[in-house]
Amino acid sequence: MKKNRLAAGAIALAVSFMACGCGDQVYEMTDEEKAVIVHYSAHVVTKFNKKQSEGVQDVTALKAQMAAREEQRKEEEELRKQEEEQQKEKEEQTKNQESSSVQESGQTDTDEPQVKYVSLSKALKLKDIRATYKKYEKSSIYAESSSFMVRADEGNELLVLHVNLKNTGNESARCDLLSRLPSFRLTVNGDVSVSADTSILLNDLGTYQGRIGAGDTVKTVLIFQVQQGMVKKVKSMDLEVSINGKSSIVQLVAGRS
């Protein structure tokens, strides 16, 4: 009997050892994982405890900070708008003052400098000989004679200015424009600008040489080329005359010297 009790106890002990050795090994968490669980638990407790002022973060304090930041943002935005409006008002006042000053002075910012015109005779540096612009004509060919003529390039037409040279003195006078080598540039209607052609015409104003009797008049021409159709109607013409690097502007009006 005693042996049976000993055997039963041994079996029970063996079974208990076997039972303790079965199953999965207990999982051990790292410090980081433990910290995550603690952090989350504290957050949950704080979230649902209105009187909680400790822990991860005080929710009431957080809401107050967010509200204060939003209010500050609105104030800054309103201040910025006010400053922009004030700046616009100042700019408008300055603009109105400048406009008033311009109106009082009778000038505008877009006013161009006034062109100082001279006579054609003065521009050509003539003495006792008066140069007078008479008229213009447009054509494809200009012929001084059957031997001397100028033909417009393809796509162009000639704009011929007629200029008279008159000896206003009591004696014959020699006129030598060739030695002065004048150059001419014509501006038509303020936007078409072309240089004069150099020709072998005997009556070319830029190369004219000859003696003019007292009271006599010699007819000369200046020839320019413009694109066909570019000058349909001439409203104004300014002639720039350059001699030895000095330029003068002549407003061409028929019959004006």
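What counts and what doesn't
- Every chain is numbered on its own, with residues counted from 1 as its sequence reads.
- Totals for whole chains, interfaces and linings use all residues, but because this is a predicted model, local features are given only for residues with pLDDT of at least 70 and pairs of side-chain atoms are given and counted only at 80 or more.
- As a rule here, side-chain values come from all non-hydrogen atoms in the structure, and water together with hydrogens is ignored.
- Counting from the N terminus, the helices are DSSP H or I runs at least four residues long and the strands are E runs at least two residues long.
- Each residue gets one of three labels from its accessible area relative to the maximum for its type: buried under 20%, exposed over 50%, partly exposed in between, using a 1.4 Å probe on protein chains only.
- We call two residues in contact when some of their heavy atoms are within 4.5 Å.
- Here the accessible surface of atoms and residues is derived via Shrake-Rupley with a 1.4 Å probe, and residues count as covered only by protein chains that are part of the display.
- Each nonpolar core is a collection of buried residues, namely Ala, Val, Leu, Ile, Met, Phe, Trp, Tyr and Cys, held together in the definition by side-chain atoms within 4.5 Å.
- In this analysis, strands are considered paired if DSSP registers two or more bridges between them.
- Orientation is described by axes fitted as lines to C-alpha atoms, over the contacting stretch for helices, and by angles from 0 to 180 degrees between their N-to-C directions.

A. Region of the structure containing the overall build of the protein. Counting its regular elements, the protein contains four helices and 11 strands. A total of 257 residues make up the protein; the buried ones form 23% of that total. Sequence-distant contacts, at least 24 apart, represent 70% of the contacts inside the protein between residues at least 6 apart. Just so you have it, the protein exposes about 19,200 Å², and 50% of that area is on carbon and sulfur atoms.

B. Representation of the nonpolar core within the structure. Ranked by internal contacts, the top residues of the largest apolar core, which has 33 residues, are Leu124, Leu165, Leu186, Phe224, Leu239 and Val241. Where this core is concerned, the elements lending two or more residues are helix H4 (120-123), strand S1 (129-139), strand S4 (156-167), strand S5 (173-176), strand S6 (183-188), strand S7 (192-195), strand S9 (217-227) and strand S10 (237-243). Sequence-distant contacts of Leu165, defined by excluding residues within four places in its chain, comprise Leu126, Ile129, Arg130, Ala131, Cys175, Leu205, Tyr208, Ile212, Asp216, Thr217, Val218 and Thr220. By size, the runner-up hydrophobic cluster in this structure holds eight residues, among which are Tyr142, Ala152, Val160 and Leu201.

C. Up close: unusual backbone geometry. With a phi angle near 60°, Lys125 is a residue other than glycine that sits in the positive phi range. As for its position among the elements, Lys125 is in the loop between H4 and S1. Owing to a relative accessible area of 42%, Lys125 belongs among the partly exposed residues under this scheme. Although it is not a glycine, Leu181 sits at a positive phi angle of roughly 50°. Of the residues examined, Leu181 reaches a relative accessible area of 65% and is grouped as exposed.

D. Layout of the sheet that holds S1. Sheet architecture is open: three strands sit in the order S1-S4-S9, paired in antiparallel fashion. If you trace the sheet from one side to the other, it starts and ends with S1 and S9, each paired once. Here the strands of the sheet are splayed against their neighbours by 20° on average, with no regard to which way each runs. In terms of strand pairing, S1 meets S4 through 10 bridges, oriented antiparallel. Counted as the bridge partner of Arg130 is Lys166 from S4.

E. Highlighting the sheet that holds S10. Pairing within the open sheet is antiparallel, and its four strands lie in the order S7-S6-S10-S11. Only two strands of the sheet have a single neighbouring strand rather than two, namely S7 and strand S11 (246-251). Each strand axis lies, on average, 20° off the axis of its neighbour in the sheet, ignoring direction. One ladder, built from six bridges, connects S6 with S10; its direction is antiparallel. For Arg185, the partnering residue across the bridge sits in S10 and is Glu240.

F. Representation of the side chain of His162. Looking at where His162 falls in the secondary structure, it is placed in strand S4. Among residues more than four places away in sequence, those in contact with His162 are Thr132, Tyr133, Lys134, Lys135, Glu137, Tyr142, Thr220 and Val221.

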